[in-house]
Amino acid sequence: ELVLRATDVAQWTPVSAETATVDQAQAMARIPGILTSLSVSEGDQVRKGQAIGRIVDSSLAYQSGAYGAQAAAAGAQAAQAQADLARTKFLYDNGVYAKARLEQAQAAAAAAQAQVRAFRQQQSSIAAVAGQGVVLAPATGKVLVADVPAGSAVAPGMAIATITAGPVVLKLDLPESLARTVHPGSAVSATGIREGGDVIGTVTRVYPSVVGGHVRADATLPGLDDKLIGRRVAARVESGRHPALLVPKSFVTTRYGIDTVTVRSKGAATAVPVQTAPSGEPGQVEILSGVSAGDTLVAAK
């Protein structure tokens, strides 16, 4: 026998959900040019800072050569200015030239040396820009997308690959109406994560923004892995609690599509039709109508 008592139970709401990582990092092109190589593909593991591709801008080689030629020409002028300075200093020391002529030669030699350094710095800057053609993995994780083929023309800011970063979570897409009732710690139930039934987890983060009438939330569940990032799963989230009459399924009998329970009253047992609904508790159903708290039920034989 079972005496019905109202129990405070969780209220579940179906929501859309997909497996994802906490963050997704993009490896982007930093210079324009041609993607000459891409050494990773979807599913590969990479570490932060690993070189996964190379972009070449052929115009940089021409610019570097031009600055190199200018630096060589400036070097020749600097050598000539230095020789002029040496002769002027010799004649100044022997009283032939005035000090003003010496200072003029010194200034010309210094300007020539400065011009050489300027051209060499410009050449170095071009080499530094060319070095930014190496595409680096921004995080340690698994390559999710790498769909830019080698030989493609790319522009600065273009995503070359997308890499998962952080632990795997279940991303929930909640209706705006649940924004106030779902919070970190709310229970989540998902189907299809692993064999053997539903998996229970908890909400870890609710994002403080509403986009298109929906709120995003993260949940952690046991058994999540990064084999199928982006997989859709059926999920329910705890959206509140309410009093309910829960009974084991063994107390409910279904005949001709009608659920009944056996109620004992004053020593007599009577079959009473009831309306039932699934509950979040394993092995139990919720009775919505037909009986009330305090009634005594008898298990079906």
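Let us look at helix α2 (residues 99-131). Count 3.6 residues to each turn of an α-helix, and residues three or four apart come out pointing the same way. Given a rise of 1.5 Å per residue, 33 residues ought to cover 48 Å, and the 48 Å separating the end C-alpha atoms of α2 matches this to within 8%. Buried-residue contacts for α2 involve α1 (58-93).

Time to look at the sheet that holds strand β8 (residues 153-154). The four strands are arranged β6-β5-β3-β8 in an open sheet whose pairing can be described as antiparallel. Sheet topology places β6 (134-136) and β8 at the edges, where each strand pairs with a single neighbour. Direction of pairing for strand β3 (residues 33-38) relative to strand β5 (residues 51-56): antiparallel, over a ladder of four bridges. From the neighbouring strand, leucine 38 faces β5, where its bridge partner is glycine 53.

Next up on the list: α1. For α1, which comprises 36 residues, the first-to-last C-alpha distance of 53 Å matches the rise-based estimate of 52 Å (1.5 Å per residue) to within 8%. Every buried residue of α1 is accounted for by Leu60, Ala71, Ala74, Ala78, Ala81, Leu85 and Thr88. Contact partners of the buried residues in α1: α2.

The subject of this paragraph is the pattern of salt bridges. Applying the stated criterion across every chain yields a total of six salt bridges. Salt-bridge contacts for arginine 232 lead to glutamate 18; the nearest nitrogen and oxygen are separated by 3.8 Å. Of this pair, arginine 232 sits in strand β13 (residues 232-248) while glutamate 18 sits in strand β2 (residues 6-28), and the two are 214 residues apart along the sequence. If you follow the salt bridges from partner to partner, you end up with Glu18, Arg216 and Arg232 in one network.

Next up on the list: the nonpolar core. Membership of the largest hydrophobic core comes to 22 residues, with the highest contact counts inside it found for Leu170, Leu172, Leu174 and Val237. Where this core is concerned, the elements lending two or more residues are β2, β9 (159-175), β10 (187-191), β11 (199-211), β12 (214-220) and β13. Looking at which element gives the most residues to this core, the answer is β9, with four residues. The contacts of leucine 170, once residues within four sequence positions are left out, are Ala17, Glu18, Thr19, Val188, Ala190, Ala217, Asp218, Ala219, Leu221, Leu224, Val233 and Ala235. By size, the runner-up hydrophobic cluster in this structure holds 19 residues, among which are Ala29, Leu35, Ile52 and Ala146.

Rules used in this analysis
- Chains are numbered independently. Their residues run from 1 in the order of the written sequence.
- Totals for whole chains, interfaces and linings use every residue, but because this is a predicted model, local features are given only for residues with pLDDT of at least 70 and side-chain atom pairs only at 80 or more, for both listing and counting.
- Note that the side-chain values use all heavy atoms of the structure and ignore hydrogens as well as water.
- Secondary structure elements follow DSSP: runs of H or I no shorter than four residues count as helices, runs of E no shorter than two count as strands, and numbering proceeds from the N terminus.
- To estimate how far a helix should extend, the number of its residues minus one is multiplied by 1.5 Å.
- What makes two residues a contact is simply this: any of their non-hydrogen atoms within 4.5 Å.
- The rule for pairing is simple: two strands pair if DSSP sees at least two bridges between them.
- Note on exposure labels: buried denotes an accessible area under 20% of the residue type's maximum, exposed denotes more than 50%, and partly exposed covers the range between, all computed with a 1.4 Å probe on protein chains only.
- For this analysis, a salt bridge means a side-chain nitrogen from Lys or Arg found within 4 Å of a carboxyl oxygen belonging to Asp or Glu.
- Definition used in this section: a nonpolar core is a set of buried Ala, Val, Leu, Ile, Met, Phe, Trp, Tyr and Cys residues joined via side-chain atoms within 4.5 Å.

Functional significance is not addressed by these values, which are geometric in nature.
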